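Coordinate analysis (summary)
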Amino acid sequence: DWVQRVEDAFPEVRAELEALLPERSGFVPYIHGTQGQQASTPQGTDFSHLAGNLSWSAFHLHLKGRIADHCERCPQTAALMDSLPLPEAEGWMPETFFSVLAPGEHIIPHYGQMNGRLTVHLGLIIPPDCGISVCGETRGWEEGKVLAFDDSFLHEAWNRSDADRAVLIFEVWH
């Protein structure tokens, strides 16, 4: 029942994202560290090319807890997230964020940490030639539409366009 609420909130969520984009204040590299630093997952995926790199950036509303000043900057998106059945685990979940993937960037195939939750994307700014593949099934995002998947399966994403791709990412219990 929450999918329709998320899709109905698309105009407000996109407007809040668009207000953040010009100065990018609060956006951080999704893969932490410094550029060129070794950044591998426990499963062995090497994200070193993205470590400390804003080519895949995030503006978190929740990351190991609520980020109050970010939620204040995006009050409608924060209220929407608060209304959802987000998984909670102290010091770990929920995680909710705007994800921006730069032109020409590729998030290499990797696995999520567990299958107890589903990863949900709301397409916000989707240029052509962007996609996601989960367990060999390829899809594209649609602006204003939810795409949900079990990220414990091998998945990857790419932006082959000349513009940023942006989605709102959050998780729900599987």
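In this report, we go over the structure that sits alongside the text.

Calculation criteria
Residues numbered from 1 in each chain as written. Predicted model: local features only at pLDDT ≥ 70, side-chain atom pairs only at ≥ 80, totals over all residues. Heavy atoms only, no water. Helix = DSSP H or I, 4+ residues; strand = E, 2+ residues; numbered from the N terminus. Buried < 20%, exposed > 50% of the residue type's maximum accessible area, 1.4 Å probe, protein only. Contact = heavy atoms within 4.5 Å. Areas by Shrake-Rupley, 256 points an atom, 1.4 Å probe, with all protein chains shown as cover. Arc of directions from axis to C-beta. Pairing = 2+ DSSP bridges. Axes fitted to C-alpha atoms, helices over the stretch in contact; angles between N-to-C directions. Parallel < 35°, antiparallel > 145°, perpendicular 65-115°, else oblique. Nonpolar A, V, L, I, M, F, W, Y, C, P; charged D, E, K, R; others polar. Core = buried A, V, L, I, M, F, W, Y, C linked by side-chain atoms within 4.5 Å.

1. Things to note about the overall build of the protein chain
Per the secondary structure count, the protein chain includes 4 helices and 10 strands. What you see in the protein chain, going N to C, is helices and strands ordered as α-α-β-β-α-α-β-β-β-β-β-β-β-β. Each of the 174 residues in the protein chain was classed as buried or not, and the buried ones make up 50%. Nonlocal contacts in the protein chain, meaning residues at least 24 apart in sequence, comprise 74% of its contacts between residues at least 6 apart. Summed over its atoms, the accessible surface of the protein chain is roughly 8,400 Å², and 51% of this surface lies on carbon and sulfur atoms.

2. Section: helix α4 (residues 75-82)
Turning to α4, its buried residues number three or more, namely T77, A78, L80 and M81. For α4, the angular spread of buried residues about the axis comes to 160°, placing them on one side. On its buried face, α4 is in contact with α1 (2-8), α2 (10-20), β2 (56-63), α3 (68-73), β3 (95-101) and β10 (165-173).

3. Focus: the sheet that holds strand β1 (residues 28-29)
Spatial ordering of the open sheet is given by β1-β2-β3-β10-β5-β8, a layout of 6 strands whose pairing is antiparallel. Each edge of the sheet is formed by a strand with only one pairing partner; in this case those strands are β1 and β8 (146-149). As paired strands, β1 and β2 are joined by 2 bridges and run antiparallel to one another. Across the sheet, P29 pairs through a bridge with S57, a residue of β2. Contacts between α2 and the sheet are confined to β2, β3, β5 (117-125) and β10, with β5 contributing the most and set at about 70° to the helix.

4. Overview of the pairing of strand β6 (residues 130-134)
By the criterion of burial, β6 is predominantly enclosed, with 5 of the 5 residues buried. Going residue by residue along β6, you find C130, I132 and V134 tucked away on one face and G131 and S133 tucked away on the opposite face as well. Direction of pairing for β6 relative to strand β7 (residues 137-139): antiparallel, over a ladder of 3 bridges. Of the residues in β7, the one forming a bridge with I132 is R139. Taking the residues that link successive antiparallel strands as the turn, the β6-β7 hairpin has 2 residues, and the phi of C135 there is positive, at about 55°.

5. Some words on the sheet that holds β6
Backbone-to-backbone hydrogen bonds join strands into a sheet, with any given pair of strands oriented parallel or antiparallel. Strand order in the open sheet made by the 4 strands is β4-β9-β6-β7, with antiparallel pairing throughout. The outermost strands of the open sheet, each flanked by one partner alone, are β4 (106-110) and β7. The average undirected angle you get between the axes of adjacent strands in this sheet is 15°. Sheet topology note: the β6/strand β9 (residues 155-159) ladder contains 5 bridges and is antiparallel.

6. Focus: the packing of α2 against α4
Between α2 and α4, whose axes approach to 8 Å, the crossing angle comes to 130°. By the angle between their directions, the pair α2 and α4 is classed as oblique. Contacts between α2 and α4 involve E12, V13 and E16 on the former and, on the latter, P75, Q76, T77 and L80. Split by residue class, the contact of α2 with α4 holds 3 nonpolar, 2 polar and 2 charged.

7. Quick word on the nonpolar core
By size, the foremost hydrophobic cluster in this structure holds 28 residues, and its most contacted members are V13, L17, M81, F98, L124, L168 and F170. Going through the elements one at a time, α1, α2, β2, α4, β3, β5 and β10 are the ones with two or more residues in this core. If we ignore the near neighbours within four places in the chain, the residues touching V13 are T77, L80, F98, L122, L124 and L168. By size, the runner-up hydrophobic cluster in this structure holds 15 residues, among which are A58, A157, V167 and I169.

None of this, on its own, says anything about what the molecule does.
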